[in-house]
Amino acid sequence: MFALVDCNNFYASCECVFNPKLIGTPVVVLSNNDGCIIARSQEARALDIRIGTPVHEIQDKLRQHHITVFSSNYALYGDMSARVIEALHYFVEDVEVYSIDESFLDLSGYSHLYPSLEDMAARLKACVFQWTGIPVSIGIAPTKTLAKTANKMAKKGSGVHVLETV
């Protein structure tokens, strides 16, 4: 079995970790040249702010909804990613970093430690949040591709989804 751990709204979540007053408010992060939106919080998403939107096209919306805007800070995001990965290694040895905010975990050989994959994933999710302040979603399935699908289902529910084939 494989797990895909995906950090939720990663760049925006990183900014909120260091400014907790922003939790629950709309936040967007801009590209290198501050031209386009590359990340947004759930609250900004709910305001129909889309990835790739040029920031100059939504200035009125930003003011109207008091949306906090950040220039991207890749040093911060890289550091936070390393912290998340460290937490993942606390649970399993084989962690494959897929991107700055996603990692696959090979769960083979851990059934004696984690008889319930759902319970293990819930504990992992809580641990990552406690250690880093970053919320994650976890999808578990027999293949990496299916784990990605399970992760999408996790995002729509409790943040954890185990997809077992029959």
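You'll find the structure just up there.
Procedures and definitions
- Residues numbered from 1 in each chain as written.
- Predicted model: local features only at pLDDT ≥ 70, side-chain atom pairs only at ≥ 80, totals over all residues.
- Heavy atoms only, no water.
- Disulfide = S-S within 2.5 Å.
- Core = buried A, V, L, I, M, F, W, Y, C linked by side-chain atoms within 4.5 Å.
- Buried < 20%, exposed > 50% of the residue type's maximum accessible area, 1.4 Å probe, protein only.
- Helix = DSSP H or I, 4+ residues; strand = E, 2+ residues; numbered from the N terminus.
- Contact = heavy atoms within 4.5 Å.
- Pairing = 2+ DSSP bridges.

Peer 1: Teacher, can you tell me more about the state of the cysteines here?
Peer 2: What makes a disulfide is a covalent bond joining the sulfur atoms belonging to two cysteines. Going through the model one piece at a time under the given rule, you end up with zero disulfides. Between cysteine 14, a cysteine without a disulfide, and cysteine 7, which holds the nearest cysteine sulfur, the sulfur-to-sulfur distance is 7.4 Å.

Peer 1: What is the right way to read the nonpolar core from this model?
Peer 2: What tends to happen in soluble globular proteins is that the nonpolar side chains get buried as a cluster. If you look at the biggest cluster of nonpolar residues, it comprises 39 residues, and the most contacted ones within it are Leu105, Leu124 and Ile140. Secondary-structure elements contributing two or more residues to this core are β1 (2–7), α1 (10–17), β2 (27–30), α4 (74–91), α5 (117–132), β7 (136–141) and β8 (160–162). Those residues in contact with leucine 105 that sit more than four places away from it in its chain are Met1, Phe2, Ala3, Val5, Leu88, Val92, Asp94, Val95 and Leu124.

Peer 1: Sorry if this is basic, but what is going on with the pairing of β2 here?
Peer 2: Within a regular strand, the side chains alternate between the two sheet faces. Residues of β2 alternate between two faces, with Val27 and Val29 on one and Val28 and Leu30 on the opposite face, all of them buried. With three bridges joining them, β2 and strand β3 (residues 37–40) adopt antiparallel strand pairing. The partner of leucine 30 across the bridge, within β3, is isoleucine 37. If you look at the hairpin formed by β2 and β3, you'll find six residues sitting between the two strands, and aspartate 34 has a positive phi there, around 60°.

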